[in-house]
Structures are given as C-alpha cells and as structure tokens.
Amino acid sequence: MVAASLPAIVASGAVLGIVARAAALPPATGASDLEVQGSTPPAPDTGYYEQTLDHFSPVDNRTWSQRYLFSNTSWDGSGELPNGCRGPVLLYTGNEGPIDEFYSGNGFVTEVLAPALGAFTLFIEERYYGESLPFGDSTWNTSSPSYDAANLRYLTTEQVLADYNVLVQDLKNATPGMENCPVVAFGGSYGATLSTFFRLAYPNTVIGALAASAPTGYYDSQAWPQYDVNDFTWSSIVVDTYLSAGGQPCLDAINSAVAAIGATPVDQLVEAFNVCNASGLGPTTNADLFTYTLEGYPQLDYPCPVPPLPAKPATAACVVLTEAAANGTNEALISAAAEVTTWGQGNPDGSCIQTLPEGPGDVPGDGPGPGAWGYQSCTQTLHPFSSSTLDGRGLRNFSFVLADEEAVCDQNFNSTVSPDLEALTRTYGGDTIPANML
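Below is a short write-up of the structure. What you see as residue numbers is a count from 1 along each chain, following the sequence as written. Per-residue local features of the predicted model are confined to residues with pLDDT of at least 70, and side-chain atom pairs are confined, for both listing and counting, to 80 or more; whole-chain, interface and lining totals are unaffected and use all residues. With hydrogens and water excluded, all non-hydrogen atoms of the structure serve as input to the side-chain values.

Looking now at the overall build of the protein. Starting at the N terminus, helices and strands are each numbered in turn, a helix being any DSSP run of H or I of at least four residues and a strand any DSSP run of E of at least two. Each helix and strand counted, the protein has 15 helices and eight strands in total. When the 438 residues of the protein are sorted by exposure, 53% land in the buried category. Any pair of residues with heavy atoms lying within 4.5 Å of one another is described as a contacting pair. The long-range share in the protein, meaning contacts at least 24 apart out of those at least 6 apart in sequence, stands at 70%. Element-wise, carbon and sulfur atoms account for 53% of the exposed surface of the protein, whose accessible area totals about 17,800 Å². Working definition: with a 1.4 Å probe on protein chains only, accessible area under 20% of the residue-type maximum means buried, over 50% means exposed, and in between means partly exposed. All accessible-area figures derive from a Shrake-Rupley calculation using a 1.4 Å probe, and residue coverage is judged against the displayed protein chains alone.

What follows is the structure, given as structure tokens:
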C-alpha cells in the first residue's frame, strides 16, 4: 500500500511504443484533461479462472477460483496488428485489495489507452484478496486451520506473478484473435512492483510494463544513501503532498485537528467519528485513525472522483480542514476531521466503523497485521518507515523498530514467519534493475 515512493523506476522498453500509438492524446495528459474526461469507465465483465495453488510443486494439484475483470468493448479490430492480433492486451496486475476497486480508479487504462489502441483490458485479482480466496470463506477465519503457515505460505509475490502468467497465457490461447497479441502490464504502488517484477520474471508473456509509483527502490535499502533516502522519506512525501495541496495553512489545520482530538472526551469522539468503540480511534492515540487516513490520501489522489472519495482527496481534505480551523473551535475541527476520515474509512450504509486490525498507529504505509497485507508485510513487503512531526517529516510520530514488528508478526501468525526486508531485492533486483529490461 506504499504509493508515495522514491522517484519510481518507471517501466519503459517496448511498452512505450504501444503507448506512443495513443499520440492523438495531448502530449502531456494532465489532471485537468482527465477531469474533463472524468466519466464512469465501461462496466467490465467478470470471469473466474481455475488457478493452481502452488505453481512450484510438482505434486500439489490443488486449485482455487481466481476472479478477473475484462472488457472487449474497445477490442474492435481498430488496433489490429500485422501478425493477426486483433489488438493489444492491457493488463492491470492486481494488488492488495478487491480488483473492482482498482478497476474504478484506472480510467487512464480503460478510458484513454484502451479506446486509442483498440485494446482488450484485463484486471486480475491478487490471491487472498477480494473474492480470490484459495481456501474460500475460511481463508481468513482465525479459528480455521487455514490460518496457519501451512496455507498462508502460498501468499508470496512469486506465486502471485505465476498466477498472472498462466492466466494470461491460457486466456490468449483460448481467445480467437488474441494468440499473438502483445501484453503490456500496468500497476500502481505494490501493483506497480508486481508489473515491474512480472516483466522481469516472464518476458515471454509481457512485452513491457508501465509502473506508477513502484516502490521497488524502497526494498533496496542499501541503495538509499545515493538517493538521499532514509526511513523518513515516505512520510516526508506525505507532508509535501499536503503542502502542495493547501500550503502551510493545511498542515496547521491538520495539527490543530490532532490537538482538538486530544482535548476531546472519548465518548464524544466515538460519536463524532462513528466508530463502534473507542479502540477504533487508534491503538496509541485517539488521533491514529485520522492521521492514518490522511497518510493514505496521497496514495489515492486521483484527479477524478473514485467513490466514496472525492476528486483529489488530499486537496479536498485541506479545504475542509482549513475552513474548520478558520472557525476557531474544537467542535468545528472535530467535525471536519471526522468527515475527512469517513471518506476513506466509512461504510456505505452508515454503520459504525469497526476497529481496523492493522494500520493506524503502526508503520507508515501499512505493515504487519492479521490480514493478507499484514501477512505479506510479515514476509516480503515490509518497509522500514518512520515518521516525525519535526521538520516536516510526517503527520505523526513513529519510530520503526524491526523487533517490534517481528513481535506483531509472531502474535498474529504463531511465530511462523518473520519480515525479510531484502527478500524482493534479492530475487528481482532493486536499484540495479535496468530500465531497458522493462
């Protein structure tokens, strides 16, 4: 869930030739252009693929049902290639969440590139998320045998990439006019990491990858010094986002809201933030849920509304909070902070917000916890991020201590796994990935 990143290793290579075919677009399609276009993407079709549980075992033949979304609306022959391909395939490498949520936030692929290129769009859901649960409804039931290392060990980046490889190959072979079609991968945040690694691991399947805010460099801490990166860089980018969105008055308003939360009785906060109980406000301070939500908006700062989020949620949050700060009362600040929090955490039916099992008060950008991303953080994807309200290095104070995160992993997964901060760099490369490979 780490989208604010190092200057991303943006996948290029053959993909640029395909993207360049969309040259009818303005040379630099910016936020204002997308806002004008901001229509609802065409509704995709849904498919389910009988996926292999363990791609690396010669004897384990178990399978499970993997969800994917697709649209052939633009795959109308206008992008036909000399080799008989009806049009290219644009693949979104699904990451940590239900795939339909990522589909709704990818108008650049579905509304811009697909029509311009006559492309088929394919969005694959990552295993252990959404409806793609290898062990069905019991996958994340803590009282179930599925909740042990014997079953959770199939949630790895290597298995995820292998899922995408076989699904894409089988779909191409089964779809007339697609057999010889080039596939270009797209992704954001961890999804961009997957796009990058997919191109590296399966160059026979995907000709290029366009990775937006791929945090591959964050997995390579040995290379941090040469880029002046440290454990506060991610949190500093979050602060810079709000400075760009609303200037110093926005940051002042955020700090005033945090102070107002600290000065307000808990029962009033529970009612204002619509949390089911006081623990929902956060494990370390009553402002944890609020600051955690604010840390997330720079990662979701789309120029168009992606309900329930407004367009440019970081900017929208600045507007609401600075207006409340101008009012000068704690009540106005609490109301504004609750509104901004509800955008990201509230339930569509208005029911109370359950206590989040991971996130608030812990590692910026998310870390260990009892869910799927928590497990991935306890194995391959944990970033050693810290945060400090001093010198613009964060919205809250948090010091990363590996032993503390290992303890969380031990508690949640019965001491069966431990975070390996360099695992992905050892396997796929970090700072050393050559751009022309992508």
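The criterion for a disulfide is a pair of cysteine sulfur atoms lying within 2.5 Å. Summed over the entire model, instances satisfying the criterion amount to four disulfides. Disulfide pairing is shown between Cys85 and Cys181; the S-S distance is 2.1 Å. Judged by the sign of its S-S torsion, about 110°, the bond between Cys85 and Cys181 is right-handed. Residue Cys85 is located in the loop between β2 (63–71) and β3 (89–93), and its partner Cys181 is located in the loop between α6 (157–174) and β5 (183–188); the two are separated by 96 residues in the primary sequence. Here the disulfide map of the protein reads 1-2, 3-5, 4-6, 7-8, the bonded cysteines being numbered as they appear in the sequence.

Below, the discussion takes up the pairing of β5. Burial within β5 is extensive, with five of its six residues counted as buried. When DSSP locates at least two bridges between a pair of strands, those strands are taken to pair. The pairing of β3 with β5 spans four bridges and is parallel. By the bridge assignment, Val89 is partnered in β5 with Val183. The pairing of β5 with strand β6 (residues 208–212) spans five bridges and is classified as parallel. Looking at β6, one finds that Ala185 is bridged to Ala209. For crossovers, right-handed means that the path from the first strand over the helix to the second runs clockwise, given strands pointing away from the viewer. Read from β5 through helix α7 (residues 190–201) to β6, the crossover connection turns out right-handed.

This brings us to the nonpolar core. In this description, a nonpolar core means a group of buried Ala, Val, Leu, Ile, Met, Phe, Trp, Tyr and Cys residues linked to one another through side-chain atoms lying within 4.5 Å. Judged by nonpolar contacts, the single largest core of 47 residues is most densely connected at Tyr242, Ile254, Phe273, Phe290 and Leu294. Taken together, the elements giving at least two residues each to this core come down to α8 (233–262), α9 (266–273), α10 (288–296), α11 (313–327), α12 (330–345) and β8 (393–398). It is α8 that provides the largest number of residues to this core, a total of 11 residues. Ignoring anything within four residues of it in the chain, the contact list for Tyr242 reads Gly247, Cys250, Leu251, Ile254, Leu294, Tyr297, Pro298, Ala314, Ala317, Cys318 and Leu395. Judged by nonpolar contacts, the second largest core, of 46 residues, contains Leu53, Val206, Trp373 and Ile433.

Turning our eyes to something else, we now look at the packing of α8 against α10. Where α8 contacts α10, the two axes come as close as 11 Å, and the packing angle between them is 160°. As judged from the angle between their axes, α8 and α10 are roughly antiparallel. In this structure, the crossing between α8 and α10 has a hand that is right-handed. In contact with Trp234, Val238, Tyr242, Ile254, Ala257, Val258 and Ile261 of α8, α10 contributes Phe290, Thr291, Leu294 and Glu295. The nonpolar class holds Ala, Val, Leu, Ile, Met, Phe, Trp, Tyr, Cys and Pro. Asp, Glu, Lys and Arg form the charged class, and all remaining residues, Gly among them, are polar. Class assignment of the residues belonging to the contact of α8 with α10 gives a composition of nine nonpolar, one polar and one charged. Axis lines are fitted through C-alpha atoms, for helices just across the contact stretch, and the angle between N-to-C directions can take any value from 0 to 180 degrees. Each angle receives one of four descriptions, namely roughly parallel if under 35 degrees, roughly antiparallel if over 145, roughly perpendicular if within 65 to 115, and oblique otherwise. Throughout, a crossing is termed right-handed when the near helix is turned clockwise from the far one, and left-handed when it is turned anticlockwise from it by less than a right angle.

What follows deals with the environment of Phe273. Along the chain, Phe273 turns up in helix α9. Looking at Phe273, the relative accessible area reads 2%, which means it is buried. Setting aside residues no more than four positions away along its own chain, Phe273 makes contact with Ile261, Leu281, Phe290, Ile334, Ala337, Ala338, Thr341 and Ile353.

Bringing the sheet that holds β6 into the picture now. Taken together, six strands build an open sheet; the order of strands is β1-β2-β4-β3-β5-β6 and the sheet is mixed. The open sheet is flanked by β1 (45–52) and β6, the only strands paired with a single partner. Neighbouring strand axes in the sheet, compared pairwise and without regard to direction, differ in orientation by 25° on average.

With a 1 Å grid spanning the protein atoms alone, the term cavity applies to any set of points in which a 1.4 Å probe fits but cannot get out, the term pocket to an open set with protein on both sides within 12 Å along at least five of seven lines, and the term lining residue to any residue with an atom within 4 Å of a point. Grid points are joined across faces, edges and corners, and a volume is the space filled by probe spheres set on the points. In the structure shown here, the tally under the stated rule is one cavity of 30 Å³ or more. In this structure, the largest cavity encloses a volume near 40 Å³. Every residue along the wall of the largest cavity is listed here: Pro42, Ser71, Thr73, Ser74, Tyr103, Thr110, Ala114, Ala119 and Thr121. Partitioning the lining of the largest cavity into residue classes produces four nonpolar, five polar and no charged.

For salt bridges, the criterion is a side-chain nitrogen of Lys or Arg within 4 Å of an Asp or Glu carboxyl oxygen. Scanning the model with the defined rule gives seven salt bridges in all. Asp100 serves as the salt-bridge partner of Arg67, at 3.2 Å between the closest nitrogen and oxygen. You can see Arg67 sitting in strand β2 and its partner Asp100 sitting in helix α3 (residues 99–104), a full 33 residues away along the chain. Overall, Arg67 belongs to the buried group, its relative accessible area being 7%. Its salt-bridge partner being Glu295, residue Arg396 comes within 2.8 Å of it at the nearest N-O pair. Of the two residues, Arg396 is situated in strand β8 and Glu295 in helix α10; the sequence distance between them amounts to 101 residues. As far as the burial class goes, Arg396 and Glu295 line up, both buried.

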